[in-house]
Amino acid sequence: MESQPQPQPQPQPQPRRPRGFAATAAAAAASVSPTGAPSGSAGASTASSGKGKREREKEKERTKLRERHRRAITSRMLAGLRQYGNFPLPARADMNDVLAALAREAGWTVEPDGTTYRHSPPPQHQQHLGAFSVRSGESPLSATSLKNCSVKATLDCQQPVVRIDGSLSPASLDSVVIAERDTRSEKYPSTSPINSVECLEADQLIQDVHSTEHDNDFTGTQYVPVYVKLSTGVINNFCQLADPDDVRQELSYMNSLNVDGVIVDCWWGIVECWNPQKYVWSGYRELFNYIREFKMKIQVVMAFHEYGRTDSADVLISLPNWILEIGKENQDIFFTDREGRRTTEFLSWGIDKERVLNGRTGVEVYFDFMRSFRTEFDDLFAEGLISAVEIGLGPSGELRYPSFSERMGWRYPGIGEFQCYDKYLQQHLREAAKLRGHSFWARGPDNAGHYNSRPHETGFFCERGDYDSYYGRFFLHWYAQALMDHADTVLSLANLAFEETKIIVKIPAVYWWYKTSSHAAELTAGYNNPTNQDGYSPVFEVLKKHSVTVKFVCYGLQICSYENDEAFADPEGLSWQVLNSAWDRGLKVAGENTLSCYDREGCLRIIETAKPRNDPDRRHFSFFVYQQPSPLVQGVICLPDLDYFIKCMHAGDITGDLVP
């Protein structure tokens, strides 16, 4: 009988070679014998495993940094498209939304399901300016055609700058869009000729458009009141009006600019200087009478901090003398660093509920001062002349610890030092550690560096440092909670003293080291805002409880380049986080400039931030505070064209009257 043919064996598929972490795990498994004993030396196997783990951790950190950088680029792209290109992008746009918007700008039709087609070429007469110059092989613009041609002429005679080549794949388009240049470091005067297509950057074109023919673009936008802060020293240390004639002249100039009101600092160190609960308001009464003549609103600041102990300060206002006398006997009423050095900028929050100030607690002292002001100027509150009260909650009136004291030797961009080593805050820390069940955590970190350290130089703030350990998270939570408890307690009493009056709280802009994982400078200031959590949300939840207005210093609006800053600063990223976190919680937000000078482009950036025209929720600042380094009557004005700035904030046509 003929034998049946034997079936041929089927070829087995080749197993896939493991890659990445799987390859590391397979290699580790292969190094173990079937009996479970490591093949070869046990010490070598352990060392190899440890090395592999460290490599994996490093790769994770590198991946996080790349992702953070990618998100930062994406956020800037979206902000530019909304701000300068009038692109109707959703609040949480992704790359698909960007591609669709650019495609529609180039004349394509994009369906909701992603189907993209073109009916006809884009109209040749279109003059709309896009946000980015996406250059392709068929772009009609060339260096020859643009040479010696002004921007305005280019806009009048050329096709749109934003064009997309139909042959570009999504991947190649993505690479073109993301490859952006730092335009802030390339100053472009509006009168200069354009010599090449590379000159057509969005910020440059927008600046030229504003300066030539679109000066009234803010007509019809939201009206943002502008307040000017009176210079420090207008009231001397004896609570007298220093120079009435200069004050009247300055107020007259402000009134001519249609300023809505003025900001007046009411200094605790002046009013209650010599004896507890002996308040002298005479100089402020005279000043308020002058302001009343010009019919301007007043915002007062309850200034409980020290002012002027720096080399550049020409005025010195200390805490009340009777407080300093108590401090000589009990130095723990002041904030203290790890080496035991005290700062007299502000009273420690550790005595908020300790009766160490001649029988009163810290918050009782603040409340008595606020109540005295409210009683003394009841008539101005009744008239509505005093429209708001700002509560000073820390150094410089900001809600933060005095971690950046120049008297202690701090210089930018130092990380600062934790300020929790007075005996009262240390007692609170011991109680918190005991409640947590780890009494040995009742200490401040011993590897956090000094005032001028960099994060990578410390064991606490470096990459994967102790800030992210169990102890580090406990300490930073307690440190930030002390800040929030102080704000909560003082604001409760402020609402009691100033019922039915708008309350304002000033939030600091600690923008240096923002691009690092630890955000070291923010941590020492009291904001637990590393990359793995949001440190501003819990603070704003406390402020929302008291219905306050958040005032934020707009550092990010300066015309400076921080891209190559060795401090890894990101003022724009910080502003985005703070402003949106406050707005998302329904808080009103106000802005304030720094003392640094701004040019016309800086004015426009401030206005765009104060009331972004493409925000679908139409969110905007409730008011803006202009700080001056010296009296306006001396002719030293930081914003070169303050009249233009105010009219734009007021939503006015600069060629006509203001919008009512």
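Labelled according to an unreviewed UniProt entry, the protein chain appears under the name Beta-amylase, originating from Gossypium tomentosum. We quote the UniProt Catalytic activity (unreviewed entry) comment for the protein chain here in full: "Hydrolysis of (1->4)-alpha-D-glucosidic linkages in polysaccharides so as to remove successive maltose units from the non-reducing ends of the chains." The Sequence similarities (unreviewed entry) field of the UniProt record for the protein chain holds the comment "Belongs to the glycosyl hydrolase 14 family."

(A) Spotlight on the packing of helix H8 (residues 244-256) against helix H10 (residues 282-293). The N-to-C vectors of H8 and H10 enclose an angle of 30 degrees; their axes lie 10 Å apart at closest approach. With respect to H10, the axis of H8 lies roughly parallel. Here H8 runs over H10; the crossing is right-handed. Counted together, Pro-244, Val-247, Arg-248 and Leu-251 of H8 and Glu-286, Leu-287, Tyr-290, Ile-291 and Glu-293 of H10 form the full contact between these two elements. Of the residues assigned to the contact of H8 with H10, the class counts are 6 nonpolar, no polar and 3 charged.

(B) Just the packing of aromatic side chains, in detail. The full count for this structure, using the stated rule, is 46 aromatic pairs. On the basis of an interplanar angle of 85 degrees and a centroid distance of 6.4 Å, the ring pair of Phe-288 and Phe-373 is categorised as edge-to-face. Taken as a pair, Phe-288 in helix H10 and Phe-373 in helix H12 (residues 362-376) lie far apart in primary sequence, 85 residues in all. Ring geometry for Trp-410 and Trp-512: centres 5.8 Å apart, planes at 40 degrees, overall tilted. Linking Trp-410 in the loop between strand S8 (386-391) and helix H14 (423-436) with Trp-512 in the loop between strand S9 (502-507) and helix H16 (520-525), this pair joins segments that are 102 residues apart in sequence. One exposure class covers both Trp-410 and Trp-512, and it is buried. Sitting over the face of the ring of Phe-381, Arg-374 holds its NZ or CZ atom 4.3 Å from the ring centroid. Just above the ring of Tyr-470 sits the side chain of Arg-473; from NZ or CZ to the centre is 5.0 Å.

(C) Examining the environment of Val-226 more closely. Structurally, Val-226 is set in strand S3 (residues 226-229). The spacing of Val-226 and Ile-646 is 420 residues in sequence and 6.7 Å in space, taken between C-alpha atoms. Apart from the residues within four sequence positions on either side, Val-226 is in contact with Val-259, Asp-260, Gly-261, Phe-624, Ile-646, Met-649 and His-650.

(D) Fine view of the pairing of strand S11 (residues 588-592). Most of S11 sits inside the fold, with 4 of its 5 residues counted as buried. Pairing geometry for strand S10 (residues 549-553) and S11, over 5 bridges, is parallel. By the bridge assignment, Val-550 is partnered in S11 with Val-589. The pairing of S11 with strand S12 (residues 624-626) spans 2 bridges and is parallel. In the sheet register, Glu-592 faces S12, and the bridge partner there is Val-625.

(E) Region of the structure containing the pairing of strand S7 (residues 342-347). Across the 6 residues of S7, 5 count as buried, placing the element largely inside the fold. The turn joining strand S6 (residues 334-336) and S7, which pair antiparallel and follow one another in sequence, is formed by 5 residues; a positive phi near 85 degrees is taken by Gly-340.

(F) Just the UniProt feature "active site" (unreviewed entry) in the protein chain, in detail. As annotated by UniProt and renumbered to match this structure, "active site" (unreviewed entry) occupies Glu-398 and Glu-592. In summary, the annotated positions, though distributed over 195 residues, converge in three dimensions, the widest C-alpha pair being only 12.3 Å. Inspection of the secondary structure assignment puts Glu-398 in the loop between S8 and H14. Aside from chain neighbours lying at most four places away, what touches Glu-398 is Leu-393, Lys-506, Pro-508 and Val-553. Along the chain, Glu-592 turns up in strand S11. Look at Glu-592 and you get buried, because its relative accessible area is 0%. In this structure, Glu-592 is in contact with Lys-506, Lys-551, Phe-552, Val-553, Cys-554, Phe-624, Val-625 and Gln-627, ignoring residues within four places of it in sequence.

(G) Spotlight on helix H11 (residues 321-329). For H11, every residue scored as buried is listed here: Trp-322, Ile-323, Ile-326 and Gly-327. Buried residues of H11, viewed axially, fall in a sector of 150 degrees; they line one side. Considering only its buried residues, H11 is in contact with helix H9 (268-271), S6, S7 and H12.

(H) Representation of the side chain of Asp-422 within the structure. Mapping Asp-422 onto the fold places it in the loop between S8 and H14. The side chain of Asp-422 is buried and forms no salt bridge, while Arg-342, the nearest opposite charge, is found at 6.4 Å. Within polar-contact distance, the side chain of Asp-422 engages the backbone nitrogen of Leu-425 at 2.9 Å.

(I) How the structure looks around the sheet that holds S8. Spatial strand order, S3-S4-S5-S8-S9-S10-S11-S12: 8 strands in a closed barrel with parallel pairing. Neighbouring strand axes in the sheet, compared pairwise and without regard to direction, differ in orientation by 30 degrees on average. In the packing of H10 onto the sheet, the strands contacted are strand S4 (261-267) and strand S5 (297-303), and the crossing angle to S4 comes to about 180 degrees.

(J) Molecular detail of the nonpolar core. Among the nonpolar cores identified, the biggest contains 151 residues, and Tyr-284, Phe-288, Met-302, Phe-373 and Ile-391 are the most heavily contacted of them. Residues within four places of Tyr-284 in sequence aside, it is in contact with Ile-235, Cys-239, Val-264, Asp-265, Cys-266, Trp-267, Val-271 and Phe-377.

(K) How the structure looks around the pattern of salt bridges. One pass over the full model with this rule turns up 27 salt bridges. Between Asp-265 and Lys-229 there is a salt bridge, and its shortest N-O distance comes to 3.8 Å. One end of the pair, Asp-265, is in strand S4; the other, Lys-229, is in strand S3, with 36 residues separating them in the sequence. Its relative accessible area of 12% is what places Asp-265 among the buried residues. The shortest N-O distance in the salt bridge between Glu-293 and Arg-248 comes to 2.9 Å. Taken as a pair, Glu-293 in helix H10 and Arg-248 in helix H8 lie far apart in primary sequence, 45 residues in all. A relative accessible area of 48% places Glu-293 in the partly exposed class. Since its relative accessible area comes to 34%, Arg-248 is described here as partly exposed. Several salt bridges converge on common partners, so that one network encompasses Glu-272, Arg-360, Asp-368 and Arg-371.

(L) Local environment of the environment of Thr-524. With respect to the helices and strands, the residue Thr-524 is situated in helix H16. Taking the relative accessible area as the measure of exposure, Thr-524 reaches 0% and is therefore buried. Sequence spacing of Thr-524 and Arg-400 is 124 residues, and the spatial spacing of their C-alpha atoms is 8.9 Å. Discounting chain neighbours no more than four positions away, the residues touching Thr-524 are Tyr-401, Ser-403, Phe-404, Ile-415, Gly-416, Glu-417, Phe-418, Phe-461 and Tyr-479. At 3.1 Å, the side chain of Thr-524 and the backbone oxygen of Ala-521 are in polar contact.

Quick notes on the rules
Residues numbered from 1 in each chain as written. Predicted model: local features only at pLDDT ≥ 70, side-chain atom pairs only at ≥ 80, totals over all residues. Heavy atoms only, no water. UniProt positions renumbered as here; feature names shortened; annotations may be inferred. Axes fitted to C-alpha atoms, helices over the stretch in contact; angles between N-to-C directions. Helix = DSSP H or I, 4+ residues; strand = E, 2+ residues; numbered from the N terminus. Parallel < 35°, antiparallel > 145°, perpendicular 65-115°, else oblique. Left-handed = near helix turned anticlockwise from the far one by under 90°. Contact = heavy atoms within 4.5 Å. Nonpolar A, V, L, I, M, F, W, Y, C, P; charged D, E, K, R; others polar. Phe/Tyr/Trp six-rings, centres within 6.5 Å; stacked < 30°, edge-to-face > 60°. Buried < 20%, exposed > 50% of the residue type's maximum accessible area, 1.4 Å probe, protein only. Lys NZ or Arg CZ within 6 Å of the ring centre and 35° of its normal. Pairing = 2+ DSSP bridges. Arc of directions from axis to C-beta. Lys, Arg positive; Asp, Glu negative; His and termini not counted. Salt bridge = Lys/Arg side-chain N within 4 Å of Asp/Glu carboxyl O. Polar contact = N/O pair within 3.5 Å; in protein donor to acceptor, adjacent residues only side chain to side chain. Core = buried A, V, L, I, M, F, W, Y, C linked by side-chain atoms within 4.5 Å.

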